Amino acid sequence: MPLPRRQFLTQASAGLAGTLLAGLVGSVPGCAPARSAVQGRLRGAGHALGHLLRTPDKIPAPTRTETIDTVIIGGGISGLAARRELHRLAPERSTILLELEADTGGNAATGHNARTAYPWGAHYLPIPDARDTELLAFLQQAGVLTGYGPTGLPIYDETMLCHDPAERLLLHGHWQAGLVPEAGVPAADRAEISRFLADMERLRRAMGPDGQDLFRLPLTLSSSDEVTRQLDTETMAAWLDRHGYQSEYLRWYLDYSYRDDFGVSALQISAWAGLHYFAARKGQAHNAPADAVLTWPQGNHFLAEALQAQGGPGRVQTQALVFGLHEANDSQLAVQVYDARTRQSTTLLARHVILATPWHVSKHLLPAPAAGPPLTPLHAPWLVANLTVAGYPGGPGQPLSWDNVRYGSPALGYIDAEHQALRGYEADEPRSLTFYWALPTDPADPAAARRHALASTYADWLALVLTELELMHPGLAAQVTAADLWVWGHGMVAPTPGYVWGPARALATQPRLGGRVHLAHTDLSGVSVFEEAFHQGQRAARAVLGASSADFQSAT
Ligand SMILES: Cc1cc2nc3c(=O)[nH]c(=O)nc-3n(C[C@H](O)[C@H](O)[C@H](O)COP(=O)(O)OP(=O)(O)OC[C@H]3O[C@@H](n4cnc5c(N)ncnc54)[C@H](O)[C@@H]3O)c2cc1C
């Protein structure tokens, strides 16, 4: 049964001050400033335009026709990577990328205040596996990778490697360094945490009988070992129970990590995905440790801009809603697109289409699939809040770090958006903080959480965020001067049991419409991270070129 809205917000704030949910910021005792003192607004992806897909009769019929070789639908990381790859391998082809929003980047969106750019979504890339030469080549061209050391390991631009201090955790009233609970944690729990991390280290190095790493990114490179893939059929929580991992500190740390990458906890993801999270990361660098991350004030929008810049002169059209896709004739597809600027629609006749949209959009555009289980990705809604705070977020212990998390919180903490700025700060200078919050989702009715999230008001969200800030830094909520908030109705895909290696994903990723439509999106991976999106795009672009050469051969 759908949650009433008040209950949804109560769950979102589980553990926060009980008085919070009156819905008025001023009702939070002793912490929240008068509502009028905080400048800001509630934003979000272009729901109104996107929702036109549900009522196509309200969209004007196409009045013009254009012919083009390849149309890319969706300008997130996967669509931009596809465009770059097409340009790299076949620059003579005509392409157009159509993006619904006013800017490309998808979930790697950015905004800014008077002080700095900040992320609205994806904000970091762990240093990649040094075997991922295609990703390294892109990063080198983007200036992120500056060369190679004497042993052949990549050297990353020091200004883009996350500076120290990178992470801190508020635990037992004290800020400790790092996010793995340590300070004041009983010895038995510490031993369990060490055992788990040692297990993950073993899995990181483990190979399957086919000679492939058991876990790797992109995940298609992981071993096809059946015993390992069977782990996709149980939940990570069940796997932890089976292996005697009961420590509440360990379970909190794992749930925090999974909510941060997948939006849901160990109860909702498969054991394969839960282990992949820890065992697939094999970053290596000449000038950074294996767990270093690359980050920018504007988050991964930096990488989106670089992908777009490397994609050549092909057209990129934003505020363009694709609402129809069908076969026009034996050799062309018809793509119907509505331009929200001119309020006119066009039919593009294309030999190939790369569909780089989330599955809830793609399934509307594609003809019904062949018989088989449907793909039903679970997406938690997310709240991201960018705050300007007049005071310093200090506290006992480790100073302000890039990533700041409160143990036991239902939220995911905040990033210091100005962390990478290469300058000193006056103690009383304002700071820009980016809060992340994966909202609770009932897998039986995920649409209910989304509906409630989209129906909640600026005041509702602001109350949640300010209360969380107050619990992290008593007295600081009153010093918030601006707060812009963004709700993602669909955050990122959660790899629920059976999603990654079950039949539905394999079926959904098949080429469609006579082999002329190729799909790319992290929903089709099950693990929503930059590396997956990048490789999804590359694979789709190569599939277009492969299909084109087959066309060419059959025509000659
Ligand atoms: C809050 C949040 C934080 C995240 N943090 C990180 C992180 O730190 N690091 C990381 O690696 N990953 C992170 N991710 C995951 C991130 O989603 C992926 O890394 C990646 O950006 C996904 O790219 P994509 O191309 O698969 O999808 P999307 O970003 O979903 O791109 C799809 C695009 O299609 C467009 N579109 C949809 N419908 C239409 C239509 N009908 N016509 C035209 N265009 C359409 C959309 O507007 C969108 O631009 C985060 C995700 C979220 C939500």
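First, a word on scope: everything that follows refers to the structure included in this document.

What counts, and where the lines are drawn
Numbering of residues starts from 1 in every chain and runs along the sequence as written. Since the coordinates come from a predicted model, pLDDT governs what is reported: local features require at least 70, and pairs of side-chain atoms require 80 or more to be given and counted, while whole-chain, interface and lining totals use all residues. Whether a residue is near a molecule or strand depends on its C-beta atom, placed from the backbone, lying within 6 Å of it. Per the convention used, a helix needs a DSSP run of H or I reaching at least four residues, while a strand needs a run of E reaching at least two, with both numbered from the N terminus. Under the convention adopted here, Pro, Cys and the residues Ala, Val, Leu, Ile, Met, Phe, Trp and Tyr are nonpolar, Asp, Glu, Lys and Arg are charged, and Gly plus all remaining residues are polar. Here the limits of each domain have been adopted from an automatic or database domain assignment. At least two bridges found by DSSP between two strands are what make those strands a pair. Throughout, right-handed denotes a crossover for which the path from the first strand over the helix to the second runs clockwise when the strands point away from the viewer. Here the C-beta atoms are placed from the backbone, and a residue counts as buried if at least 20 other C-beta atoms lie within 10 Å of its own, exposed if 12 or fewer do, and partly exposed otherwise. We call two residues in contact when their backbone-placed C-beta atoms lie within 7 Å. Lines are fitted to the C-alpha atoms to define the axes, a helix being fitted only along its stretch in contact, and any angle between axes, read from their N-to-C directions, falls within 0 to 180 degrees.

1. Some details on the site of the ligand
Turning to step 1, where the next piece is worked out: Among the 39 residues in the neighbourhood of the ligand, the closest are listed as G74, G76, S78, G106 and A122.
Turning to step 2, where the next piece is worked out: If you list the elements that add at least two residues to the shell around the ligand, you get α3 (77-89), β6 (124-126), β13 (320-327), β17 (382-389) and α15 (530-555).
Turning to step 3, where the next piece is worked out: In terms of residue class, the shell around the ligand is built from 21 nonpolar, 16 polar and two charged.
Turning to step 4, where the next piece is worked out: When residues of the shell around the ligand are assigned to domains, at least three map to each of domain 1 (5-43 + 381-490) and domain 2 (61-108 + 299-367 + 512-555).

2. A short note on the pairing of strand β2 (residues 64-73)
Turning to step 1, where the next piece is worked out: Pairing analysis gives nine bridges linking β2 to strand β15 (residues 344-355), with the strands arranged parallel. Its bridge partner lying in β15, R64 is registered against T346.
Turning to step 2, where the next piece is worked out: Following the chain from β2 across α3 to the adjacent parallel strand β3 (residues 95-98), one finds a crossover that is right-handed.

3. What about the environment of Q268?
Turning to step 1, where the next piece is worked out: Among the structural elements, Q268 can be located in the loop between α8 (248-262) and α9 (271-279).
Turning to step 2, where the next piece is worked out: On the basis of neighbour count, Q268 is assigned to the buried category, with 24 C-beta atoms found within 10 Å.
Turning to step 3, where the next piece is worked out: Ignoring anything within four residues of it in the chain, the contact list for Q268 reads P443, A494 and T496.

4. Overview of the sheet that holds strand β20 (residues 431-438)
Turning to step 1, where the next piece is worked out: An order of β1-β21-β17-β20-β19-β18-β9-β10 is seen for the eight strands of this open sheet, with the pairing classed as mixed. Across the chains shown, the open sheet's two edge strands, defined by having one partner strand only, are β1 (42-44) and β10 (174-177). Geometrically, the sheet is characterised by an average inter-axis angle of 25° between neighbouring strands, direction not taken into account.
Turning to step 2, where the next piece is worked out: Here two bridges tie strand β18 (residues 403-406) to strand β19 (residues 414-416), and the two strands are oriented antiparallel to one another.

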